[in-house]
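Spelled out, the chains give:
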Amino acid sequence: MIARALATQSIPALAALALLAGCSKTPEPTAEESPKAKTTPASTQARASQADGKGEKDKARAQPQRRKVAAKPVAEVKPSEDDPLKGKWTLEDATKGLPPGETLTASIETDLGALSCTLFHDKAPITVANFVGLARGIRPWKTPEGKWEKKPAYDGTIFHRIIKGFMIQGGDAKKNGTGEAGYVIPDEVWEDGSHDRAGLLCMANRGKNTNSAQFFITDAPAFHLDGGYTIFGECGPEELVHKLASVEVKGERPVNPPVIKKVTITRK
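Along every chain, residues carry numbers that run from 1 in the direction the sequence is written. Given that the model is predicted, a residue must reach a pLDDT of at least 70 before its local features are reported, and side-chain atom pairs must reach 80 or more before they are shown or counted; all residues, however, enter totals for whole chains, interfaces and linings. Side-chain metrics in this entry use all non-hydrogen atoms of the structure; hydrogen atoms and water are not considered.

A. Region of interest: the pattern of salt bridges. Here, a salt bridge means any side-chain nitrogen of Lys or Arg that lies within 4 Å of a carboxyl oxygen of Asp or Glu. Within this structure, the stated rule accounts for 11 salt bridges. The salt bridge partner of Arg206 is Glu180, with a shortest N-O separation of 2.6 Å. One end of the pair, Arg206, is in the loop between strand S7 (200-203) and strand S8 (215-218); the other, Glu180, is in the loop between strand S6 (167-170) and S7, with 26 residues separating them in the sequence. Using a relative accessible area of 36% as the deciding quantity, one classes Arg206 as partly exposed. Two residues, Glu234 and Arg197, come together in a salt bridge whose shortest N-O distance is 2.9 Å. Here Arg197 lies in the loop between S6 and S7 and Glu234 lies in strand S9 (residues 231-236), a separation of 37 residues in the sequence. Taken together, the shared-partner salt bridges connect Glu28, Arg161 and Glu252 into one network. Helix numbers and strand numbers start at the N terminus; a helix is a DSSP run of H or I with at least 4 residues, a strand a run of E with at least 2. Throughout, exposure labels follow a simple rule: accessible area from a 1.4 Å probe, protein chains only, divided by the maximum for the residue type, with under 20% read as buried, over 50% as exposed, and the rest as partly exposed.

So this is what it looks like as structure tokens:
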């Protein structure tokens, strides 16, 4: 019975890997291992070790390992030629008009509940400025129709890619994983910035310094992403993250994608 279940799980996993191989230019983090449906790789392996009576050594080997994350210099990226702002956008620009305060938060209202996210503006100021500007509709971005507009970029979008036990990804106005904002911003990898838990808000990319509009939220630790993706916030409640990650999928695409109704930025 167990062997049959594992064999059944391997089919969507292989399909997912094939999809990733054919979409190298699509902004998305990749799973370190073939994702197992309805469980996290670490917990699945740990339970299997215990069930087989292999002991604590096998259990320890099954756990993902955290490594020291060193801060990286922030690179300069070439502005898009048609960007009205020529790449010049700051945290001060993004928060203009908000009440004074030390804590920036984003409420991501979905059709399954609302996520409350604390934004790490002190660790990833460029990324937070970009996210806040897009969410508030004050940073011009290129719509799927090819027009530069100032309007909320995330309202009405979906979580278009979901791998339970890994992450949920959204923020694409095209709703299919290929959309961007018409420009890119650099990675901001900060000291000890590790994908060590569920609920971390991170930028999706298609390579170094290609962050744009799409983001993902971890559903479990993902240490293999450390050093390659910007972590710019943390969202909760964790139960809602897991709920969003548990919707029915075909491969990595949700059958009924969770809708991001509205993103609201506040400062306290």
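So, next bit.
B. Structural detail: the environment of Phe216. Tracing the sequence through the fold places Phe216 in strand S8. Given a relative accessible area of 0%, Phe216 falls into the buried group. In this structure, the C-alpha to C-alpha distance between Phe216 and Phe166, residues 50 residues apart in sequence, is 9.8 Å. It only takes one pair of heavy atoms within 4.5 Å for two residues to be counted as in contact. The residues touching Phe216, leaving out its near neighbours within four places in the chain, are Pro29, Met167, Ile168, Gln169, His195, Leu200, Leu201, Cys202, Met203, Ala204, Leu225 and Tyr229.

C. Representation of the sheet that holds S9 within the structure. At least two bridges found by DSSP between two strands are what make those strands a pair. Strand order in the closed barrel made by the 8 strands is S1-S2-S9-S7-S8-S6-S5-S12, with antiparallel pairing throughout. The sheet shows a mean angle of 35 degrees between the axes of neighbouring strands, direction not considered. Relative to strand S2 (residues 113-119), strand S1 (residues 104-110) is paired through 7 bridges, and the arrangement is antiparallel. Its bridge partner being in S2, Ser107 is matched across the sheet by Ser116. Sitting on the sheet, helix H5 (residues 125-136) is in contact with S1, S2, S7, S8, S9 and strand S12 (259-267), with an inclination near 120 degrees to S12. As a rule, the C-alpha atoms of each element are fitted with a line to give its axis, helices using only the stretch in contact, and angles between N-to-C directions run from 0 to 180 degrees.

D. Representation of unusual backbone geometry within the structure. A cis amide bond, omega 5 degrees, links Gly236 with the succeeding residue Pro237. A positive phi angle is found at Lys175, which is not glycine, with a value near 65 degrees. Lys175 sits in the partly exposed class, given a relative accessible area of 42%. Positive phi outside glycine occurs at Asn209, with the angle close to 60 degrees. On the secondary structure map, Asn209 appears in the loop between S7 and S8.

E. Geometry of the side chain of Thr230. By the secondary structure assignment, Thr230 is in the loop between S8 and S9. With a relative accessible area of 0%, Thr230 lands in the buried category. Pairing of N or O atoms within 3.5 Å defines a polar contact, subject to two protein rules: one partner must be a possible hydrogen donor and the other a possible acceptor, and residues neighboring in sequence count only if both atoms are side-chain atoms. A distance of 2.9 Å separates a polar atom in the side chain of Thr230 from the backbone nitrogen of Glu188. Aside from chain neighbours lying at most four places away, what touches Thr230 is Ala124, Thr127, Pro186, Asp187, Glu188, Leu201, Cys202, Met203 and Asn211.

F. Quick look at the packing of aromatic side chains. Two rings belonging to Phe, Tyr or Trp (six-membered ring only in the last case) form a pair when the distance between their centres is within 6.5 Å. Interplanar angles under 30 degrees mark stacking, angles over 60 mark edge-to-face geometry, and anything in between is tilted. Going through the model one piece at a time under the given rule, you end up with 8 aromatic pairs. For the ring pair Phe216 and Tyr229, a centre distance of 5.8 Å and an interplane angle of 80 degrees mean the geometry is edge-to-face. You can see Phe216 sitting in strand S8 and its partner Tyr229 sitting in the loop between S8 and S9, a full 13 residues away along the chain. A single burial state applies to Phe216 and to Tyr229, both of which are buried. Among the aromatic residues, those joined into a ring-pair cluster are Phe131, Tyr154, Phe159, Phe215 and Phe232. Both a distance and an angle decide whether a charge sits over a ring: NZ of Lys or CZ of Arg must be within 6 Å of the ring centre and within 35 degrees of the ring normal. Above the ring of Tyr183, the side-chain terminus of Arg139 is found at 3.8 Å from the ring centroid.

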